[in-house]
Amino acid sequence: MVLDPETSAKITRYRPKHAPPLWADIAPLVRSVVAAVVTAAPYDVERLLHVTGRLALWAEAAGLERDPNEWLRNEVIDAFVRSRAGDIKGSSVRTYRTWLLRVRDALAWSERGEAAPARMHAEGSRISPTVVQSSQACGTGPCICLVSRRPMPLRFSVSVPASD
């Protein structure tokens, strides 16, 4: 795989803020992981470098083997994001976890020589039904109609038994 010059330069130049001396030892591994997955993961290269670098530094401090396959195990990713929970917001913790899981998946596809799955996107709009009282009879009595606000309205009725 050949990366464009801009992406390649970002990977080569990356160094975390306040990087410990240890960074020089693990930087080649972090850079190789990101270079292998950057075209398959749905995130920009800076984010991939940041989160993968943070994980690698944490794994090294935790005494784990210096191996991306070790860092990217579910239990290691979960332990890492839990350790960050006091430092960053809950939504960021979930985001870090998602990014790292995507890196792991993309690395697995890369190692097996598979293409990443097609990116799928679904419209995020939700149905917000409107309840309409209808004076028309629905067979046995008055009914309530729910009308969807989608382009092609979906209508259905529920019969309400008459009260005595």
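No experiment lies behind these values; they were computed from the predicted model shown. (Residues numbered from 1 in each chain as written. Predicted model: local features only at pLDDT ≥ 70, side-chain atom pairs only at ≥ 80, totals over all residues. Heavy atoms only, no water.)

## Let's talk about the overall build of the chain
Then step 1. Across its full length, the chain carries six helices and three strands.
Then step 2. Going from N to C terminus, the chain has its helices and strands arranged as α-α-α-α-α-α-β-β-β.
Then step 3. Put simply, the chain has 164 residues, and 33% of those count as buried.
Then step 4. Within the chain, residue pairs in contact and separated by at least 24 positions form 44% of the contacts whose partners lie at least 6 positions apart.
Then step 5. In the form shown here, the chain has an accessible surface area of approximately 10,900 Å², with 53% of it arising from carbon and sulfur atoms. (Helix = DSSP H or I, 4+ residues; strand = E, 2+ residues; numbered from the N terminus. Buried < 20%, exposed > 50% of the residue type's maximum accessible area, 1.4 Å probe, protein only. Contact = heavy atoms within 4.5 Å. Areas by Shrake-Rupley, 256 points an atom, 1.4 Å probe, with all protein chains shown as cover.)

## A closer look at the packing of helix α1 (residues 5–13) against helix α2 (residues 23–37)
Then step 1. Taken N-terminus to C-terminus, the directions of α1 and α2 make an angle of 160 degrees; their axes are 9 Å apart at the nearest point. By the angle between their axes, α1 is roughly antiparallel relative to α2. For the crossing formed where α1 meets α2, the hand is right-handed. Between α1, through Ile11, Thr12 and Arg13, and α2, the contact on the second element is made entirely by Arg31, Val34 and Ala35.
Then step 2. In terms of residue class, the contact of α1 with α2 is made up of three nonpolar, one polar and two charged. (Axes fitted to C-alpha atoms, helices over the stretch in contact; angles between N-to-C directions. Parallel < 35°, antiparallel > 145°, perpendicular 65-115°, else oblique. Left-handed = near helix turned anticlockwise from the far one by under 90°. Nonpolar A, V, L, I, M, F, W, Y, C, P; charged D, E, K, R; others polar.)

## Some remarks on the confidence of the model for the chain
Then step 1. Per-residue confidence for the chain gives a mean pLDDT of 77; residues scoring 70 or more make up 63%.
Then step 2. By mean pLDDT, the top-scoring element of the chain is helix α3 (residues 45–61) (94), and the lowest-scoring one is strand β3 (residues 155–159) (48).
Then step 3. Ignoring residues within four places in sequence, the model shows residues 148–158, a span with pLDDT below 50, making 21 contacts including any to other chains. (pLDDT = per-residue confidence, 0-100.)

## Concerning the packing of aromatic side chains
Then step 1. One pass over the structure, following the stated rule, counts five aromatic pairs.
Then step 2. Seen from their ring centres, Tyr43 and Trp99 are 5.8 Å apart, and the 55 degrees between their planes marks the pair as tilted. On the criterion of sequence distance, the pair formed by Tyr43 in the loop between α2 and α3 and Trp99 in helix α6 (residues 90–112) is long-range, its members being 56 residues apart.
Then step 3. When the ring of Phe80 is compared with that of Tyr96, the centres are 6.3 Å apart and the planes differ by 15 degrees; the resulting orientation is stacked. Of the two residues, Phe80 sits in helix α5 (residues 74–84) while Tyr96 sits in helix α6, which places them 16 residues apart along the sequence.
Then step 4. Tyr96 gets classed as buried once you look at its relative accessible area, which sits at 9%.
Then step 5. Ring pairing ties together the aromatic residues Tyr43, Trp58, Phe80, Tyr96 and Trp99, which thus form one cluster. (Phe/Tyr/Trp six-rings, centres within 6.5 Å; stacked < 30°, edge-to-face > 60°.)

## Observations regarding the environment of Gly53
Then step 1. If you trace the backbone, Gly53 turns up in helix α3.
Then step 2. Classification of Gly53 by relative accessible area gives buried; the value is 1%.
Then step 3. Distance in space between the C-alpha atoms of Gly53 and Ala27 is 7.6 Å, their sequence separation being 26 residues.
Then step 4. With near-sequence residues (within four places) excluded, Gly53 lies in contact with Trp23 and Val30.

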